[in-house]
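Architecture and fold: a report
The lines below spell out each chain.
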Amino acid sequence: HAEDVDAINLFNGNLTISIPIGQSYPVNAGLSYSIGLSYNSNIWDYDRYQDPQYGTLTRAYPNRKSNAGVGWTVSLGTLYQPHQAPFNNSQWWLYVAPDGSEHFFYDTLHENEAVDSDYQYARGGSYIRMHRVSSTQQDLEFPDGRIHTFYYSSAVDYYRLEAIVDRFGNSVSVFYNDPDNWQI
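Focus on the pairing of strand 3 (residues 31–40)
Regular strands place side chains that alternate from one sheet face to the opposite one. Strand direction decides the pairing type here: strand 2 (residues 15–28) and strand 3, joined by nine bridges, are antiparallel. If you follow Pro-26 over to strand 3, its bridge partner there is Ser-32. Relative to strand 6 (residues 72–75), strand 3 is paired through four bridges, and the arrangement is antiparallel. Within strand 6, the position partnered with Tyr-39 by the bridge is Trp-72.

Digging into the packing of aromatic side chains
Applying the stated criterion to the full structure yields eleven aromatic pairs. One aromatic cluster in this structure is built from Tyr-80, Phe-87 and Tyr-158. The ring of Tyr-49 is capped by Arg-59, whose NZ or CZ atom sits 3.7 Å from the centre of that ring. The side chain of Arg-123 reaches across the aromatic face of Tyr-106, ending 4.4 Å from its centre.

Concerning the pattern of salt bridges
Following the criterion strictly, the structure yields five salt bridges and no others. Asp-45 serves as the salt-bridge partner of Arg-64, at 3.6 Å between the closest nitrogen and oxygen. With Arg-64 in the loop between strand 5 (55–62) and strand 6 and Asp-45 in strand 4 (residues 44–51), this pair connects stretches of sequence that are 19 residues apart. The partly exposed category is assigned to Arg-64, whose relative accessible area is 29%. A salt bridge links Glu-102 to Lys-65; its shortest N-O distance comes to 3.2 Å. In this pair, Glu-102 is assigned in strand 9 (residues 102–106) and Lys-65 in the loop between strand 5 and strand 6, connecting sequence segments 37 residues apart. By relative accessible area, which is 41% here, Glu-102 ends up partly exposed. Through salt bridges with shared partners, a single network forms among Asp-45, Asp-47 and Arg-64.

Definitions and cut-offs
- Residues numbered from 1 in each chain as written.
- Predicted model: local features only at pLDDT ≥ 70, side-chain atom pairs only at ≥ 80, totals over all residues.
- Heavy atoms only, no water.
- Pairing = 2+ DSSP bridges.
- Helix = DSSP H or I, 4+ residues; strand = E, 2+ residues; numbered from the N terminus.
- Phe/Tyr/Trp six-rings, centres within 6.5 Å; stacked < 30°, edge-to-face > 60°.
- Lys NZ or Arg CZ within 6 Å of the ring centre and 35° of its normal.
- Salt bridge = Lys/Arg side-chain N within 4 Å of Asp/Glu carboxyl O.
- Buried < 20%, exposed > 50% of the residue type's maximum accessible area, 1.4 Å probe, protein only.

If you want it as structure tokens, here you go:
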């Protein structure tokens, strides 16, 4: 079974590329992790500002989520709060998966459902549920039973992955020596 390395988003035309770096590392029979490099051709962030002489202008910056070159990211997954410029300008929480896919979280899985303030849901078929554990910890619960624990880091101003646990108690921990260096 061969995995797709690249894809074109038919909605916005973005080219995305996912390249595994090394192998998948098994922790136990049901849990493994891998590191990958992802690319998204949507490489620009835009800011609108008022100029006294010219009125409303727009500035373009290379995408600020890129940490491995313009458009390229190496990550185990990142969680951004709503209205967290420059990373997330939306009103919803945003999870950027290691493959570069983006998942927004809503108060309910479907429209017109009862709201539980401790949980939010990613739509679009991923069925990821976000559990607010505290003001600095969010857990992402995946359909296969894995839980990814994210903690807020003031050093980088977003939530970073610190643990992956499966339904059998197997786990992977991530430690950050400084904002740019991590150890698994």
